[in-house]
Amino acid sequence: MEPIDIGIIVSGVMLLFVVLGMRVAFAAALAGFVGLTWIFWAKFGYNPDKFMKALTISVKTAGQVPHAKVSSQALSLIPTFILIGYLAYYAGLTKALFEAAKRWAGWMPGGMAVATVFATAGFSAVSGASVATSAVFARIAIPEMQAMGYNKRFAAGVVAAAGTLASLIPPSAILVIYAIIVEQDVGKLLLAGFIPGAFSAIVYVSLIVGMAMIWPSYGPKITGYTWREKFASLPPAFPIFFVVGIIIFFIYNPFGDPWGTPTEGGALGAFVVFLMAVIQGMRWGQLKDALLETAKLSAMIFTIVWGVLIYVRFLGFAQLPSAFADWISGLEQSPMLTLIFILLAYAVLGMFMDAIGMLLLTLPVVYPAVMALNGGEGVLAADSAFGMSGPMCAIWFGILVVKMAEFCLITPPIGLNCFVVAGVRDDLTVQDVFRGVMPFFFADAATIGLLIAFPQIVLYLPSLA
Amino acid sequence: TEWNVSVWGKPRAFTSHVEVLNEMLQEKTGGAFKLNISYGGLSSNKENLDGISIGAFEMAQFCAGYHEDKNPTLTVLELPFIGVNTLEEEVAVSQALYAHPAVAKDLGRWNARLLMPSPMPQYNIVGTGEVRDTVAKMDGMRVRATGGLGEAFKAVGAVPTSVTATETYNAMESGVVDTVSFAQHAHLAFRTIDQADWWTANLNPGTVNCPIVVNTDAYDALSDEERAALDSSIEPALAHYLEVYGEVLKKWDAVLAEREVTKVMFTEEELDKFRAVAAGPARAAWIEKMSAQGIPAQELVDLVDSTLADNR
Amino acid sequence: MAGNAAVLEDGSRLSRIDRALAGIETKLALVSGLAVFGLMLLAVVSVTGRNILNVPVPGYVDWIEVTMPLIAFMGISYTQRSGSHIRMDILIGKLKGRMMWAAELFSVLIMLVLVLFLIWGSWAHFARSFDFAAPLWSRDSTIDIRLPIWPAKLLVPFAFSVLALRLVLQVWAYGRAVVTGAENPIAVPLPLSAAEQAAEEASHVSALDTKGAA
Ligand code: NA
Ligand code: NA
């Protein structure tokens, strides 16, 4: 049996285990481990005497992946970005943002939902993880929306969808992961996410307003706040702009040189939020809570990282990535069509996978193919297929892929944001949240279409830096 | 026979000898002996020796400086100001060292056999701001240089600053560091040259040593014909490597001219000052540290010196 | 499924062991959280040291690299106890009673076997970097300031061993549930009821409100 056949069989078995409810990280690691053993034993001609040797090589190969792969500086941004989100919650920033958004945007049709989207977008500027953001706003926004008589599924859908903004608007853990895999400038990628993130938020808001105008029962508006009340809500939310400023200035300083590296910016932002939380009265008990939540989410993410990478290591030995790259670059059709097919494939894959796992699994294979489609890493805009230079194409594709990955956080059957919202609010089942989030599929499809048609939305900021 | 080979990054000058080795092997054995070269799919670059030791793949490339404790003997070639000026000299000293029994024993712990070097040019620095062309001007200079090279710069009052290779561009842009030390191809790859105002053409402070190794059992299991094909292909593969790297150096000169980067020349007097502070003490410290582990350190240093003398 | 899940407790031996192990797991997870906090402080020290004193933290990147395993692995068993490692529970969620516990038992049994192999493999990874005869017992070091890496590598088999204990306990607990057919077995993660969820949430939010008022 050829390694590629082994690769396909083992991948099928992995999907089966995932569907049967095994923890995704462990199903992937198991598939990788079994696949490696199979490949090494095949190399020994399935000689029964050499099975132990093949097993030993496989165990040791798989066993070095967890340590080797998580010991990276760039990955250290992820727990920092998670911690900052939890600290912001304890610093009262979430509530303050939500209150301000409610008073200023509540007059619109679907006002509370609109306010939720704006508050989430603001919170996204300090939170690097979609899942954490959804978890936080599920606690704050859903009860308020339900109290206002909002459809509970719709309310849950708004929170699950708006949470995805956290991964486009910097800081963003998943943009960091993309940058690591494709070896591109983290700072420029983070910068590039800003406008598409804000743009996505506006598309969500338009959708909500439209729905609330057609079906008023979906989201009654809230009125009656005086100007005094409106302005009173601003100062508590103000510190968030300070923190955003710090992070931005470490990545991109419009007035001169940036102040440091993105790693430092993330950590410094977290430190400022920490100080604010302490001033707000956070004590050891709450800090411990934040640290434990950070530890839990970090363990969850890193377990997926190394689990999937054991599987990716097996794919490397099975030579699947190079087979795929050859196939893609051999296609005789327009590069744009191929790109759209790739993004559609992500939408399908994303139904079954979580975002980080999907990127880790596919990018080593897909990214080189996309760069080749555009005309190579060093291509000039004038000679390229998509009308942009190699480095710009890397950024553009990164934002598209991250938007797709975010999309898969809200699509069934594995949609992490929906799971978390249902997990935090147990009066909601996962199925409820998936139903509520469905309208937002159309919003995301529209956003992605516009990002493809108008790459400037993505590339404007990074081209300045 | 089919060997899996673990290298990293993209196909480039640095891996050109492995690529051409594969072509020559297939030609000489009529396709019976071939290499599957994987760019990062089989291992991370810092774990390549582990993979060889496990037997996961048969051939690999790594750099000694990534993990000194894994390969203490090889780091003699990474000492500052060892005196290597050209890639040809780098090949000669590497091959002499690889043939030494103490070095073979060191790598033997990983079940690895040294096949050939991937000679790297000297890690000259690119810098922003005012040109630093004397030792005195390096005082307080924030430099991205790791390991022994970092210590060498520290000896003349510079401040080694820890930044990952991928963050060097940001780090230069934001003033986290003023200068970065890399070989030319890395200055191009990590775009530090795009930030640079000047480049030290003749500082030649040192470099890293990056051998190609093979799994000893796999090497021993080759047929006589295959082994002969492999052994006889090493010299031409290295010759090809030097040719390809020559193109990189030409491109480097073109980029320097295009970006109007100043080529900084240190006077012999200034170089001597640097060597006096950085080279001698580092060498003595290395000999002491390695001798304590039972490594014939003085012998290795002498071997490098005598080989260099013979090749001039 | 992520999010919170309850682990029921009673006076049985199984539950006592579960709580004892949970105590250790919580401490380890806290170590992981503190490591994140420590990296944040390290960055602050690094930025201020560099900009004010021109003294950056030597080997800043090396320190991060040896700290990352603390963050990545110390919470792994804590996360398993509360059922927070991601999975797809649409199919398994449809099962009831014994069938469900049997499916869970099957899943944790396979995980246990995998984790035992990974303990072997990660131990071997550690063992290659460790040598009693070498200075600092080190056979593998970081690139810049040459920190020994073996302590970081040792964390992996250690954390996996704690996870293996947790999995053994879950095999026991699910096995017992299959035998007794209990509706709400002890020592395994169960989804919270709406009332429990609300109570838990109230404690979170009220803590926040008190603090806001202060
Ligand atoms: Na964000
Ligand atoms: Na999904």
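These figures come from a predicted structure and were not determined experimentally.

Criteria and thresholds
Residues numbered from 1 in each chain as written. Chains lettered and ligands numbered in written order. Predicted model: local features only at pLDDT ≥ 70, side-chain atom pairs only at ≥ 80, totals over all residues. Heavy atoms only, no water. Helix = DSSP H or I, 4+ residues; strand = E, 2+ residues; numbered from the N terminus. Buried < 20%, exposed > 50% of the residue type's maximum accessible area, 1.4 Å probe, protein only. Contact = heavy atoms within 4.5 Å. Areas by Shrake-Rupley, 256 points an atom, 1.4 Å probe, with all protein chains shown as cover. Pairing = 2+ DSSP bridges. Axes fitted to C-alpha atoms, helices over the stretch in contact; angles between N-to-C directions. Buried area = accessible area lost by both parts, 1.4 Å probe. Salt bridge = Lys/Arg side-chain N within 4 Å of Asp/Glu carboxyl O. Phe/Tyr/Trp six-rings, centres within 6.5 Å; stacked < 30°, edge-to-face > 60°. Lys NZ or Arg CZ within 6 Å of the ring centre and 35° of its normal. Core = buried A, V, L, I, M, F, W, Y, C linked by side-chain atoms within 4.5 Å. Patch = residues over 30% accessible without salt bridge, like charges linked within 9 Å, V, L, I, M, F, W, Y side chains within 5 Å. Disulfide = S-S within 2.5 Å. UniProt positions renumbered as here; feature names shortened; annotations may be inferred. Polar contact = N/O pair within 3.5 Å; in protein donor to acceptor, adjacent residues only side chain to side chain. Parallel < 35°, antiparallel > 145°, perpendicular 65-115°, else oblique. Nonpolar A, V, L, I, M, F, W, Y, C, P; charged D, E, K, R; others polar. Left-handed = near helix turned anticlockwise from the far one by under 90°. pLDDT = per-residue confidence, 0-100.

**Q** Help me out: how do you make sense of the overall build of chain C in this one?
**A** Assigned secondary structure in chain C consists of six helices and two strands. Along the chain direction, N to C, the helices and strands of chain C fall in the order β-α-α-α-α-α-β-α. Counting across all 214 residues of chain C, residues that qualify as buried make up 56%. For chain C, restricting intrachain contacts to residue pairs at least 6 apart in sequence, the fraction spanning at least 24 positions comes to 73%. Element-wise, carbon and sulfur atoms account for 72% of the exposed surface of chain C, whose accessible area totals about 8700 Å².

**Q** Would you mind showing me how to read the sheet that holds strand β10 (residues 211–215) of chain B here?
**A** Sheets are built from strands paired through backbone hydrogen bonds, the pairs being either parallel or antiparallel. Residue and element names in this part refer to chain B. The mixed open sheet is built from five strands, whose spatial order is β2-β1-β3-β10-β4. This sheet does not close on itself; its edge strands, each paired only once, are β2 (34–39) and β4 (112–117). Mean inter-strand twist for the sheet, computed between neighbouring axes without regard to direction, equals 25°. Bridging between β4 and β10 involves five bridges; their strand directions are antiparallel. Each bridged residue has a counterpart across the sheet, and for Met116 the counterpart in β10 is Ile212.

**Q** Quick question: what am I supposed to make of the interface of chain B and chain C here?
**A** For interface size, the figure often reported is the accessible area lost on association. Contact with chain B, which involves 30 residues of that partner, is made by 21 residues of chain C. Taken together, both faces of the contact between chain B and chain C bury some 2100 Å²; the carbon and sulfur share is 46%. When residues of chain B are sorted by the area they lose upon contact with chain C, B:Asp69, B:Arg142 and B:Ser162 head the list and together hold 26% of the total. If you look at where chain B meets chain C, you find five salt bridges. A salt bridge links B:Asp50 to C:Arg128; its shortest N-O distance comes to 2.7 Å.

**Q** What am I meant to see in the packing of aromatic side chains here?
**A** The geometry of an aromatic ring pair is captured by two quantities: the separation of the ring centres and the angle between the planes. Taken as a whole and judged by the stated rule, the model has 38 aromatic pairs over all chains. Consider the rings of A:Phe33 and C:Phe117, whose centres lie 4.9 Å apart with planes at 40°: the pair is tilted. On the criterion of chain membership, the pair formed by A:Phe33 in helix α2 (residues 24–43) and C:Phe117 in helix α4 (residues 97–128) is interchain, its members lying in two chains. By the ring-pair criterion, three or more aromatic residues cluster together here, those being C:Trp123, C:Phe126, C:Phe130, C:Phe132, C:Trp137 and C:Trp150. Positioned above the aromatic ring of A:Trp104 is the side chain of A:Lys230, whose terminal nitrogen or guanidinium carbon lies 5.8 Å from the ring centre.

**Q** So what exactly am I meant to see when it comes to the nonpolar core here?
**A** What tends to happen in soluble globular proteins is that the nonpolar side chains get buried as a cluster. Residue and element names in this part refer to chain A. Counting residues in each nonpolar core, the largest one holds 284 residues, and the members touching the most others are Trp306 and Phe397. No other element matches the 21 residues that helix α16 (residues 284–318) contributes to this core. Discounting residues that sit within four places of it in the chain, Phe397 has contacts with Tyr178, Leu339, Leu343, Tyr346, Leu363, Val366, Tyr367 and Val370.

**Q** I would appreciate a short explanation of a nonpolar patch on the surface in the present structure.
**A** All names here are of chain A. Among the surface-exposed residues, Met336, Leu337, Ile340, Phe341 and Leu344 lie close enough to one another that they form a single nonpolar patch of about 420 Å² accessible area. As for its position among the elements, Met336 is in helix α18 (residues 335–352). When its relative accessible area of 30% is taken as the criterion, Met336 is described as partly exposed.

**Q** Help me understand the pattern of salt bridges in this model?
**A** Should the charged atoms of two oppositely charged side chains come close, the side chains can pair. One pass over the structure, following the stated rule, counts 32 salt bridges over all chains. Here C:Lys153 and C:Asp140 are joined by a salt bridge, their closest N and O atoms 2.7 Å apart. With a gap of 13 residues between them, C:Lys153 in helix α5 (residues 150–180) and C:Asp140 in the loop between α4 and α5 connect regions that are remote in the sequence. One exposure class covers both C:Lys153 and C:Asp140, and it is buried. Connected via shared salt-bridge partners are B:Asp50, B:Lys70, C:Arg128, C:Asp140 and C:Lys153.

**Q** Explain the interface of chain A and chain C here, please?
**A** With 77 residues of chain A at the interface, the matching set in chain C holds 75 residues. Buried area between chain A and chain C, summed over both chains or domains, comes out near 6900 Å², and the portion from carbon and sulfur atoms is 72%. Those elements that place two or more of their residues in the side of chain A that touches chain C are α1 (3–19), α2, α3 (51–70), α4 (77–90), α15 (262–279), α16, α21 (416–424) and α22 (430–453) of chain A. With 18 residues, α16(A) is the largest single contributor of residues to the side of chain A that touches chain C.

**Q** Would you take a moment to explain the state of the cysteines for this structure?
**A** In a disulfide, the sulfur atoms of two cysteines are held together by a covalent bond. Residues and elements named next belong to chain A. For the structure on display, the rule yields one disulfide over all chains. Cysteine Cys418 shares no disulfide, and the gap to the nearest cysteine sulfur, in Cys408, comes to 11 Å. For Cys418, a relative accessible area of 0% puts it in the buried group.

**Q** What's the story with the UniProt feature "transmembrane region" (unreviewed entry) in chain C in this structure? I'm lost.
**A** Residue and element names in this part refer to chain C. Sequence positions flagged by UniProt for "transmembrane region" (unreviewed entry) are, in local numbering, residues 28–48, 60–79, 100–127 and 147–169. The span residues 60–79 is 90% helical and 0% strand by assignment, and the distance between its end C-alpha atoms comes to 29 Å. Helix makes up 100% of residues 100–127 and strand 0%, and the two end C-alpha atoms of the span are 40 Å apart.

**Q** Would you take a moment to explain helix α5 (residues 147–155) of chain B for this structure?
**A** One turn of an α-helix holds 3.6 residues; hence residues three or four places apart share an orientation. All names here are of chain B. Those residues of α5 lying buried are Gly147, Gly148, Leu149, Gly150, Ala152 and Phe153. Looking at the packing, one finds that the buried side of α5 touches β5 (125–127), β6 (142–144), β7 (159–160), β8 (179–181) and α10 (268–292). Looking one or two residues past α5, Gly157 carries a phi angle of roughly 90°, positive in sign.

**Q** Is there a simple way to think about the side chain of B:Asn209 in this case?
**A** Residues and elements named next belong to chain B. With respect to the helices, strands and loops of the structure, Asn209 is situated in the loop between β9 (198–200) and β10. By relative accessible area, which is 2% here, Asn209 ends up buried. Of the polar contacts made by the side chain of Asn209, one reaches the side chain of Ser94; its length is 3.2 Å. Residue contacts for Asn209: discarding those within four places in its chain leaves Phe62, Cys63, Ala64, Leu74, Leu77, Glu78, Glu90, Ser94 and Tyr98.

**Q** Is there a simple way to think about the packing of α16(A) against helix α1 (residues 13–53) of chain C in this case?
**A** Packed helix pairs are characterised by how far apart their axes lie and by the angle those axes make with each other. Relative to each other, α16(A) and α1(C) sit at 95°, their axes nearing to 8 Å. Viewed along their axes, α16(A) and α1(C) adopt a mutual orientation that is roughly perpendicular. Every residue of α1(C) that contacts α16(A) at A:Trp284, A:Leu287, A:Lys288, A:Leu291, A:Leu292, A:Thr294 and A:Ala295 is listed here: C:Thr26, C:Ala29, C:Leu30, C:Ser32, C:Gly33, C:Leu34, C:Val36 and C:Phe37. For the contact of α16(A) with α1(C), the residue count by class is ten nonpolar, four polar and one charged.

**Q** Mind showing me how you'd approach the packing of helix α7 (residues 130–147) of chain A against α21(A) here?
**A** All names here are of chain A. Closest axis-to-axis distance for the α7/α21 pair is 9 Å, and the angle between their directions is 35°. Crossing geometry of α7 relative to α21 is assigned as right-handed. Here Ser130, Val131, Ser134, Ala135, Ala138, Arg139 and Ile142 of α7 come into contact with α21, specifically with Leu416, Asn417, Val420, Val421 and Val424. Residues of the contact of α7 with α21, tallied by class, amount to eight nonpolar, three polar and one charged.

**Q** What should I look at first to understand the side chain of A:Ser58 in this one?
**A** Residue and element names in this part refer to chain A. Its place among the elements puts Ser58 in helix α3. Among the residues examined, Ser58 registers a relative accessible area of 0% and is labelled buried. From its side chain, Ser58 meets the backbone oxygen of Phe33 in a polar contact 3.2 Å long.

**Q** Honestly, the sheet that holds β9(B) in this entry has me stumped. Any pointers?
**A** The strand order across the open sheet built from six strands is β7-β6-β8-β5-β9-β11 (chain B), with neighbouring strands paired in mixed fashion. Lying at the two open borders of the sheet, with one neighbouring strand each, are β7 and β11 (262–264) of chain B.

**Q** Please clarify how the confidence of the model for chain C should be interpreted in this entry.
**A** A low pLDDT score tells you not to read the predicted coordinates there in detail. Residues and elements named next belong to chain C. Taken residue by residue, chain C gives an average pLDDT of 86. The fraction at 70 or more is 86%. The weakest mean pLDDT in chain C belongs to helix α6 (residues 194–213) at 44; the strongest belongs to α5 at 97. Segment residues 204–214: pLDDT under 50, and 15 contacts once partners within four positions in sequence are set aside and those in other chains are kept. Predicted complex metrics record ipTM = 0.91 and pTM = 0.88.

**Q** How do you make sense of the environment of A:Leu275 when you look at a structure like this?
**A** Topologically, A:Leu275 is positioned in helix α15. Linking A:Leu275 and A:Lys188, residues 87 residues apart in sequence, is a C-alpha distance of 28 Å.

**Q** Even after reading the chapter, I still don't get the pairing of β10(B), so can you show me in this structure?
**A** Side-chain positions along a regular strand alternate between the two faces of the sheet. All names here are of chain B. Burial analysis of β10 places five of its five residues in the buried class, the great majority of the element. A two-sided burial pattern is seen for β10, the buried positions comprising Pro211, Val213 and Asn215 on one face and Ile212 and Val214 on the other. Of the pairings in the sheet, the one linking strand β3 (residues 59–61) to β10 comprises three bridges and is antiparallel in character. Note on β10: the bridge partner recorded for Ala60 is Val213.

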